[in-house]
Structure formats: C-alpha cells, structure tokens
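So the chains spell out like this:
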Amino acid sequence: MNRESFGRFVRGNQKTLGVFLLLVVITGVTGLFQNSFVSQANLSNMAKWIGLYGIISVGVTFVIITGGIDLSIGSLIALTGVLTPLLLRGKGLGIPATFGVIALISLTVGLAHGLLITKMRLQPFIVTLCGLFIYRGFARTVVGDRSSGFQGEFGGLMDLLVRGKVFGVVPMPFVILIVLSIAAAILLNRTVFGRHLLALGRNEDAARFSGINTDRLKIFAYMICSLLAGLAGSLFVLENHSATPSSFGNFYELYAIAGAVLGGVSLRGGEGAIAGVLCGTALMQVSATAVFFLGVEETWKFAVIGIFILVGVTVDELLNRWAAKRRAAQRAG
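Below you will find a few notes about this structure. Everything numeric in this text was worked out from a predicted model, so none of it was measured.

A short note on the overall build of the protein chain
1) Next: Helix and strand content of the protein chain: 14 helices and four strands.
2) Next: Its C-alpha atoms put the protein chain at 70 × 55 × 40 Å along the principal axes.
3) Next: Taking the contacts inside the protein chain whose residues are at least 6 apart along the sequence as the reference set, 77% of them involve residues at least 24 apart.
4) Next: Carbon and sulfur atoms make up 66% of the accessible area of the protein chain, which totals about 16500 Å².
5) Next: Placing the 27 positive and 15 negative side-chain charges of the protein chain at their respective mean positions leaves the two points 7 Å apart.

Printed below as a string of structure tokens:
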C-alpha cells in the first residue's frame, strides 16, 4: 500500500480508527494501574460480553442507517429470553426447533415494525416505543411474571454456545459476533442491498425517485434488527441461566444504540461501518470494566459511561463539521 492509498484508507476510516485508538488508550492506561485488567481471564470475559452486546449493536446499525430507531430491543430480548428455556425444558423442543421458533417470532416482530412504519407511515420512535411495552407485557404474561430458566448445568451444544472457547481462549459469543459482523459488512458494503440502504439513509426522496424500493429496504432492516435481538435474547439467558421478565434486558436497546453511535453510525442515517460498531461496543464494555478495576464507585458507573458516549458523539459532530468546512474550502479553491 503506497502513501496515497494509505491516506485514502485513513480518511475513509477516521471514525473507526479514532474509536479504536481510544479503546487502546483506555485498555493500556487501566492495565498500567491494574495488571489483572489485561490478564487472559479478564480479556476473555470482556470478549464474551462484547460478543453478546455486539450482536444487538450490529442489528440496530441497519435500522439507524435508514434514519430509524428501535427502542424495543430490550423487551424483545426479555420475551425471547423467557421463551427459550420454556420451549427447551417446558415444551421439550430440541435446540434447532427452539431457535427456529425464536427466529420466527423475531422476524415477525421486525416485519410488523417495518409494515407499520412504511405502510401506515407511523414514526419509528412511536412504533418501537409501543413495542417496548407490548413485548415486555407478553414476556411477563407468558411465564406468569415468574423467572424462567434452567435447572442445574446444561451440556452439549447449549453449553458450547455461551461457554465454549475457540483455541481455549476466544469465547464463543465473540466468535458468533465476528461471523455475524463479517456477513453484515459484506451485506452492507458489497451488495446492492447495502448500497441502496446507505442511499436511503442519506436522502430517502432521492433514493425513491431513483427507483429504489425504500419501503422494502426499511422492512428488511427492521427484520434484521429484530432477528439479531431475538438471537441475543436466547444467548443472554443461556449465559445467565434464567430470566426475570420484569427486568431482563432492561436498557439493552440503549447499549445497542450507544455501541453503534460510538462506532460512527450517524443518527441522521446513511453512514456507518460494521468495524466501527465493533470498536464502539468494545469501548462500552471495556470502559465499564475499567471503571470497576479502577475502584470507581458503582454509583458512578453509568455516569462515566454516559460521559464517554457524550464525548464520542460530540467529537463525531465536530469532525463532521470540520470535514464539511474542508470540502467547502476545496470546492471554493
């Protein structure tokens, strides 16, 4: 790679590189004060949670790129979280059948969101906010507002999905995230669907006048988001062994959105990279763990994370303004 190509690469990925640099700095500084922070055990544990939360961040990325939002992710995670042990243990379904039912339910939810937004012209905020209440209510009703979970240890494929490690080091949820991220990156950057999705986010009217079926793109985006949220709900309950419907998945939609936005996905739509989302999700989890290792009181945990998000969004806005001024100056010159 020559200097010119390297320069284009840096300019095209400056947001991702910036988040990655911040991630390295936080990890390095925390590791200097607490050696155990960079131990294999802690890095492996952080990778596991990055994998679990990263799945929902990748899913919501497709929705945000369209200029939409999904506030129902946490409640859908609660619903699929309580249904997974119910189907596996209570109904005696096998693992493939259980995940098939979970996938079908999740896709139906995404389809309903997409149709209400595109055909009924309802605002994504309102549709998914209603979903937040509806799916939480369904989750509580299905199990009678009692915890749903597993008795004792489980083995085989179920144990492998959450506790298995590749090469004895890399947690399986992180491996699942990487596989999904590669597929998402190819879909977003190497297919007609991805190019049209980005065009839709940048200017919906222009995309529609160009012959792009914008309604279908939005529906697919919400279906992808809900499908990954449903998958994450099953993985979370396998990790935790149980799910309390009134609290399971609370605020997870905010973690998902924060990870995507920190990774450079614009809330205005039309801009985002999966690599950046991975870095943004990792930054969220590493920051939360660093707060614990540095002895910051638990009461400050969310405040510190909120500050990180605010700083990240502010820097992103300043970079956008600087880039816009630079382009304007180049055109004027």
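As for the pattern of salt bridges
Note on pairing: side chains with opposite charge can pair once their charged atoms come close.
1) Next: Under the definition given, this model contains seven salt bridges.
2) Next: Of the charged contacts in the structure, one is a salt bridge between Glu239 and Lys48, with a shortest N-O distance of 3.0 Å. With Glu239 in helix H11 (residues 214-240) and Lys48 in helix H3 (residues 40-65), the pair connects residues that are 191 residues apart, well separated along the chain. Neither residue differs from the other here; Glu239 and Lys48 are each classed as buried.
3) Next: Its salt-bridge partner being Arg121, residue Asp215 comes within 3.6 Å of it at the nearest N-O pair. Pair noted here: Asp215 is in helix H11 and Arg121 is in the loop between helix H5 (95-118) and helix H6 (124-142), with a separation of 94 residues, a long-range link.
4) Next: Accessibility expressed as a relative area gives 12% for Asp215, which makes it buried.

What about a nonpolar patch on the surface?
1) Next: Together, Leu21, Val25, Val29, Leu32, Phe33, Leu294, Val296 and Trp300 make up an exposed nonpolar region whose accessible area comes to about 830 Å².
2) Next: Here Leu294 lies in the loop between helix H13 (274-293) and helix H14 (301-332).
3) Next: A residue is classified by how much of its surface remains accessible, and Leu294, at 42% relative accessible area, is partly exposed.

Comments concerning the environment of Ala221
1) Next: Mapped onto the secondary structure, Ala221 falls in helix H11.
2) Next: Given a relative accessible area of 0%, Ala221 falls into the buried group.
3) Next: Separated by 107 residues in sequence, Ala221 and Gly114 place their C-alpha atoms 8.0 Å apart.
4) Next: Residues contacting Ala221, with those up to four places away along its chain left out, are Phe62, Val63, Thr66 and Leu197.

Side note on the packing of aromatic side chains
What characterises a pair of aromatic rings is the spacing of the ring centres plus the angle enclosed by the ring planes.
1) Next: For the structure on display, the rule yields ten aromatic pairs.
2) Next: Between Tyr53 and Tyr255 the ring centres are 5.4 Å apart and the planes differ by 80°, which places this aromatic pair in the edge-to-face class. Of the two residues, Tyr53 is situated in helix H3 and Tyr255 in helix H12 (residues 252-262); the sequence distance between them amounts to 202 residues.
3) Next: Clustering of aromatic rings is evident, with ring pairs tying together Trp49, Tyr53, Phe236, Tyr252 and Tyr255.

Observations concerning H6
1) Next: The terminal C-alpha atoms of H6 lie 26 Å apart, and with 19 residues this matches the ideal 27 Å at 1.5 Å per residue to within 8%.
2) Next: The complete set of buried residues in H6 reads Pro124, Val127, Thr128, Gly131, Tyr135, Arg136 and Ala139. One face of H6 carries all of its buried residues, which in axial projection span an arc of 160°. In H6, the exposed positions that point more than 90 degrees away from the buried face belong to Phe133 and Thr141.
3) Next: Looking at the buried positions of H6, the neighbouring elements they touch are helix H4 (73-90), H5 and H11.
4) Next: In the segment just after H6, Gly144 is the residue with positive phi, at about 65°.

What to know about unusual backbone geometry
1) Next: Even without glycine at this site, Asp145 takes up a positive phi of about 60°.
2) Next: Structurally, the position occupied by Asp145 is in the loop between H6 and strand S1 (148-149).
3) Next: For His241, which is not a glycine, the phi torsion comes out positive at approximately 75°.
4) Next: The residue His241 is located in the loop between H11 and strand S4 (242-243) in this model.

What about the side chain of Thr118?
1) Next: Mapped onto the elements, Thr118 comes out in helix H5.
2) Next: By relative accessible area, which is 1% here, Thr118 ends up buried.

Some remarks on the side chain of Thr289
1) Next: For Thr289, the location among the structural elements is in helix H13.
2) Next: When sequence neighbours within four positions are dropped, the list of residues in contact with Thr289 reads Phe37, Asn42 and Met46.

Structural notes on the packing of helix H9 (residues 192-202) against H11
1) Next: Where H9 meets H11, the axes come as close as 10 Å, and the angle between the chain directions of the two elements is 105°. It follows from the interaxial angle that H9 and H11 lie roughly perpendicular. When H9 is examined against H11, the residues Phe193, His196, Leu197 and Leu200 are found in contact with a partner set consisting of Thr214, Leu217, Lys218, Phe220, Ala221 and Ile224.
2) Next: Across the contact of H9 with H11, the residue classes break down as seven nonpolar, two polar and one charged.

Thresholds applied
Each residue is numbered by its place in its chain's sequence as written, counting from 1. Under the rules for a predicted model, residues below a pLDDT of 70 receive no local features and side-chain atom pairs below 80 are neither given nor counted, while totals for whole chains, interfaces and linings still include all residues. Values shown for side chains rest on all heavy atoms present in the structure; no hydrogens or waters enter the calculation. Going along the chain from the N terminus, every DSSP run of H or I of four or more residues is numbered as a helix, and every run of E of two or more is numbered as a strand. Here, residues are in contact when the closest pair of their heavy atoms is within 4.5 Å. Values of accessible area rely on a 1.4 Å probe in the Shrake-Rupley scheme; residue burial ignores everything except the protein chains shown. Only four residue types enter the charge count, namely Lys and Arg as positive and Asp and Glu as negative; His and the chain termini do not. Lys charges are placed at NZ, Arg charges at CZ, Asp charges at CG and Glu charges at CD. A pair is scored as a salt bridge if a Lys or Arg side-chain nitrogen falls within 4 Å of a carboxyl oxygen belonging to Asp or Glu. Per-residue accessibility, obtained with a 1.4 Å probe over protein chains only, is compared with the maximum for each type, and a residue is labelled buried under 20%, exposed over 50%, and partly exposed between these values. Patches here: salt-bridge-free residues with over 30% relative accessible area, like charges joined within 9 Å, nonpolar side chains (Val, Leu, Ile, Met, Phe, Trp, Tyr) joined within 5 Å. The pairing test for Phe, Tyr and Trp rings, Trp by its six-membered ring, is centres within 6.5 Å, and the orientation test on the planes gives stacked under 30 degrees, edge-to-face over 60, and tilted for anything in between. An expected span of 1.5 Å times one less than the residue number is assigned to each helix. It is the directions from the helix axis to the C-beta atoms whose arc is reported. Axes here refer to lines fitted to C-alpha atoms; in helices the fit is confined to the stretch in contact. Angles between the N-to-C directions go from 0 to 180 degrees. An angle below 35 degrees is read as roughly parallel, one above 145 as roughly antiparallel, one from 65 to 115 as roughly perpendicular, and any other as oblique. Only Asp, Glu, Lys and Arg are considered charged in this grouping, and only Ala, Val, Leu, Ile, Met, Phe, Trp, Tyr, Cys and Pro are considered nonpolar; every other residue, Gly among them, is considered polar.

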